[in-house]
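# Examination of the molecular architecture
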2 protein chains.
Amino acid sequence: MKFKIITISREFGSGGRSIGKMVAEKLGIAYYDNELVTQIAEKSGFDETFIKECGEYASSPNRFLFNLNNWGTSYSYTISDHLYVIQENLIKELAEKSPCVIVGRCADYILKDRKDCLNIFIHADMEFRANRIVNLYGEREDSPEKRLADKDKRRKTYYKYYTNHTWGVAENYHLCLNSGVIGIDNCVDIITDLVLDKKENI
Amino acid sequence: MKFKIITISREFGSGGRSIGKMVAEKLGIAYYDNELVTQIAEKSGFDETFIKECGEYASSPNRFLFNLNNWGTSYSYTISDHLYVIQENLIKELAEKSPCVIVGRCADYILKDRKDCLNIFIHADMEFRANRIVNLYGEREDSPEKRLADKDKRRKTYYKYYTNHTWGVAENYHLCLNSGVIGIDNCVDIITDLVLDKKENI
């Protein structure tokens with residue numbers, strides 16, 4: 001395997017999680033998403049629902065308000081910071097242990113010093129994602145477009161705060177795929193072929 | 001062919017032009033880069049060297065200065081605007097004529113209403129690009145890093161001015177590839193397989 005670790009960042013509703021899961025299955029390697037939540041909950045003592053919200057999303061979609069809230073008084077150490085540190089150590093440990101796919105949670109940034117990581121960003125047009133989340137999670141009071149915009153903004157804010165990088169900018173990743181145009185199965189094939197370095201067999 | 005037109009935006013030194021050329025050769029379709037320059041020169045009467053500089057790069061790497069210069073007095077129509085309009089019409093004409101690869105020149109934005117376009121962004125780390133431009137174009141008085149930063153900034157400014165989109169943001173493209181990590185040949189294979197919709201044969 002040319003790359004031991006595959007990190008997947010994704011827009012909400014783009015199918016990034018499904019792609020990550022399928023890649024892990026195809027390669028026969030570990031897949032970390034909810035498993036991370038469970039382990040962080042065990043290590044921190046917090047509830048899994050709280051970790052899910054806090055481990056990847058800013059509390060406010062507004063960057064200024066999130067930063068203000070998170071900074072509090074000088075040198076304060078918030079719950080969000082505490083969970084980030086646990087998450088960071090856990091991701092480093094898991095990457096050391098065995099080949100794996102890690103979805104979200106700034107894993108691309110946390111593992112930036114490793115040379116065996118393939119960092120991927122999955123995105124798609126609003127229409128594709130809106131249809132997908134309604135099919136997967138059903139209708140809600142808010143429109144799917146509003147739900148998508150809110151989730152993306154909170155992920156973006158969280159990522160910026162902890163990495164000082166901009167989420168979704170091509171140069172932060174090795175491969176960015178529009179799953180709506182390229183297709184979920186094609187995304188899986190492109191990633192697995194790259195990981196296995198199968199060029200000569202294509 | 002699933003996609004008739006392939007547009008390639010690229011960071012300077014990333015190998016985007018070579019990738020575009022190889023894709024066009026592999027698919028047996030037209031390739032437009034310098035050919036565009038020649039045709040724009042014919043239509044406008046300006047010299048090719050001037051078109052090369054003006055057709056893709058802002059005159060100043062500073063966005064504010066370029067905008068100021070380009071706006072001039074209200075409703076002014078600059079040489080840069082004039083060339084952009086010729087370029088826009090030419091790109092639309094060529095895309096209508098036959099399948100092709102078009103490198104740079106905001107082609108992704110100009111052809112945004114077509115459903116048969118695959119829009120690609122090629123980028124790479126500074127070290128890879130710096131080595132590449134020294135090998136290809138030799139040493140200059142300025143360091144390769146400075147030359148890269150300057151070219152990228154001027155392309156970014158030009159793109160922002162004429163499209164109001166941000167160059168290098170994943171959501172503006174269907175596929176973004178780090179050619180340094182993925183490899184030039186792999187990039188060519190990924191693109192041609194997608195265009196030919198070869199998934200089932202991979």
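Everything that follows concerns the structure shown earlier in this document.
Below, the structure is looked at part by part.

What counts and how
- Residues numbered from 1 in each chain as written.
- Chains lettered and ligands numbered in written order.
- Predicted model: local features only at pLDDT ≥ 70, side-chain atom pairs only at ≥ 80, totals over all residues.
- Heavy atoms only, no water.
- Contact = heavy atoms within 4.5 Å.
- Buried area = accessible area lost by both parts, 1.4 Å probe.
- Salt bridge = Lys/Arg side-chain N within 4 Å of Asp/Glu carboxyl O.
- Polar contact = N/O pair within 3.5 Å; in protein donor to acceptor, adjacent residues only side chain to side chain.
- Helix = DSSP H or I, 4+ residues; strand = E, 2+ residues; numbered from the N terminus.
- Nonpolar A, V, L, I, M, F, W, Y, C, P; charged D, E, K, R; others polar.
- Pairing = 2+ DSSP bridges.
- Least-squares fit on C-alpha atoms with pLDDT ≥ 70 in both.
- Buried < 20%, exposed > 50% of the residue type's maximum accessible area, 1.4 Å probe, protein only.
- Axes fitted to C-alpha atoms, helices over the stretch in contact; angles between N-to-C directions.
- Parallel < 35°, antiparallel > 145°, perpendicular 65-115°, else oblique.
- Patch = residues over 30% accessible without salt bridge, like charges linked within 9 Å, V, L, I, M, F, W, Y side chains within 5 Å.
- Areas by Shrake-Rupley, 256 points an atom, 1.4 Å probe, with all protein chains shown as cover.

Quick look at the interface of chain A and chain B now. On the side of chain B, 26 residues touch chain A, which itself brings 26 residues to the contact. In this assembly, chain A packs against chain B so that about 2200 Å² is buried in total across both faces, 61% of it on carbon and sulfur atoms. Taken together, the links from chain A to chain B amount to 0 salt bridges. Where chain A touches chain B, the interface holds 7 residue pairs in polar contact (both at pLDDT 80 or more). Of all the secondary structure elements, the ones that give two or more residues to the side of chain A that touches chain B are β4 (117-123), β5 (175-178), α9 (179-182) and α10 (184-196) of chain A. The element best represented in the side of chain A that touches chain B is α10 of chain A, accounting for 6 residues. Looking at the side of chain A that touches chain B, its residues break down into 13 nonpolar, 5 polar and 8 charged. In terms of strand pairing, β5 of chain A meets strand β5 (residues 175-178) of chain B through 3 bridges, oriented antiparallel. Directly across from L177 of chain A, in β5 of chain B, lies its bridge partner L175 of chain B.

Time to look at the relation of the copies chain A and chain B. Overlaying chain A with chain B gives an RMSD of 0.0 Å, the required rotation being 180° about an axis along which the chain moves by 0.0 Å. The operation mapping one copy onto its partner corresponds to a two-fold rotation axis. Interface overlap between copies: 100% of the residues of chain A at the interface are likewise at the interface in chain B, consistent with a symmetric, same-surface contact.

Moving on, we get to the pattern of salt bridges. Residue and element names in this part refer to chain B. In total, this model carries 18 salt bridges over all chains according to the counting rule given. Among the salt bridges present, the one from D33 reaches R105, with a minimum N-O distance of 3.2 Å. Here D33, found in the loop between β2 (30-32) and α2 (34-44), pairs with R105, found in the loop between β3 (100-103) and α6 (107-110); they are 72 residues apart in sequence, far enough to count as distant. Neither D33 nor R105 differs from the other in exposure class; each is buried. K92 serves as the salt-bridge partner of E88, at 3.7 Å between the closest nitrogen and oxygen. Of this pair, E88 and K92 both sit in helix α5 (residues 79-97), 4 residues apart, roughly one helical turn.

Here we come to the packing of α5 of chain B against helix α8 (residues 144-163) of chain B. The geometry of a pair of packed helices is captured by two quantities: the angle between their axes and the separation between those axes. All names here are of chain B. Close contact between α5 and α8 brings their axes to 12 Å; oriented N to C, the two are set at 75°. Between α5 and α8, the angle is such that the two are roughly perpendicular. Only Y158, Y161 and Y162 of α8 make contact with α5, whose side of the interface consists of S80, D81, Y84 and Q87. Across the contact of α5 with α8, the residue classes tally to 4 nonpolar, 2 polar and 1 charged.

The next point concerns a nonpolar patch on the surface. A surface patch of nonpolar side chains, about 240 Å² in accessible area, is lined by F46, F50 and I79 of chain B. Take F46 of chain B: it is sitting in the loop between α2 and α3 (48-54).

This part takes up the sheet that holds strand β1 (residues 5-10) of chain B. Read across the open sheet, the 10 strands follow the order β2(A)-β3(A)-β1(A)-β4(A)-β5(A)-β5(B)-β4(B)-β1(B)-β3(B)-β2(B); overall the sheet is mixed. Where the open sheet ends on each side, the last strands, each with one partner, are β2 (30-32) of chain A together with β2 of chain B. When strand polarity is set aside, the average angle formed by the axes of neighbouring strands in this sheet is 20°. Here 4 bridges tie strand β4 (residues 117-123) of chain B to β5 of chain B, and the two strands are oriented parallel to one another. Bridge pairing links I122 of chain B to L177 of chain B in β5 of chain B. Relative to β5 of chain B, helix α10 (residues 184-196) of chain B is tilted by about 165°, and along the sheet it contacts β1, β4 and β5 of chain B.

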